[in-house]
Amino acid sequence: MKADGHSQKANEIKASLQRLLPDPEGKNVVAIVELNYGIVQHLIASGMEKIHQIHSDTHVGLPHLLREQGEDEIGKFFERLDFFRQGRWYGGKGNGDVVLECLEIIEKVEGWVKK
């Protein structure tokens, strides 16, 4: 998939995410985090291709790849989402402000892609 395809896929997933928001009772946090993870993965793939001419279709090793290219902040954002994802998918960690932080991460990564 090329950069534009990744951007399009991120937008498709964002449209699905919007159906779960707002989520004041926290009933959809697991799904929201999972969708955020997918959105950010596609945004990063698009950004890496546009900014660094590097094509990556997988989340495996993504933080390392980002750091190799000097994109430490984006790597930290992805690791944070991965932490949220593992805590909600596999465990029973509290939800707190997870949804808000996930949405903020999307905004920050979108800003990076648009540089």
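Residues numbered from 1 in each chain as written. Predicted model: local features only at pLDDT ≥ 70, side-chain atom pairs only at ≥ 80, totals over all residues. Heavy atoms only, no water.

### Remarks on unusual backbone geometry
- Each neighbour pair has its own omega, and for L21 with P22 the value is -10°, a cis peptide bond.
- Of note in the backbone geometry, Q53 takes a positive phi value of approximately 55° without being a glycine.
- Structurally, Q53 is set in the loop between helix 2 (29-52) and helix 3 (62-68).
- On the basis of relative accessible area, Q53 is assigned to the exposed category, the value being 62%. (Helix = DSSP H or I, 4+ residues; strand = E, 2+ residues; numbered from the N terminus. Buried < 20%, exposed > 50% of the residue type's maximum accessible area, 1.4 Å probe, protein only.)

### Digging into the pattern of salt bridges
- Considering all chains together, one arrives at six salt bridges under this definition.
- Ionic pairing is found between E79 and R67, a salt bridge with its closest N-O pair at 2.9 Å. With a gap of twelve residues between them, E79 in helix 4 (residues 72-89) and R67 in helix 3 connect regions that are remote in the sequence.
- The class for E79 is partly exposed, based on a relative accessible area of 35%.
- Residue classification places R67 among the partly exposed positions, given a relative accessible area of 31%.
- Linking R80 and E101 is a salt bridge whose minimum nitrogen-to-oxygen distance equals 2.7 Å. You can see R80 sitting in helix 4 and its partner E101 sitting in helix 5 (residues 98-113), a full 21 residues away along the chain.
- Among the residues examined, R80 registers a relative accessible area of 34% and is labelled partly exposed. (Salt bridge = Lys/Arg side-chain N within 4 Å of Asp/Glu carboxyl O.)

### What about the confidence of the model for the protein chain?
- The predicted model of the protein chain averages 91 in pLDDT, with 95% of residues at 70 or higher.
- Per-element confidence in the protein chain ranges from a low mean pLDDT of 91 for helix 4 to a high of 96 for helix 1 (residues 3-18). (pLDDT = per-residue confidence, 0-100.)

### Thoughts on helix 1
- In this model helix 1 runs 23 Å from its N-terminal to its C-terminal C-alpha over 16 residues, within 8% of the 22 Å that 1.5 Å per residue would give.
- Buried residues of helix 1: A3, H6, S7, A10, I13 and L17, and no others. One face of helix 1 carries all of its buried residues, which in axial projection span an arc of 125°. In this structure, helix 1 carries D4 and Q8 as exposed residues pointing more than 90 degrees from its buried face.
- The elements touched by buried residues of helix 1 are helix 2 and helix 5. (Expected span 1.5 Å × (residues − 1). Arc of directions from axis to C-beta. Contact = heavy atoms within 4.5 Å.)

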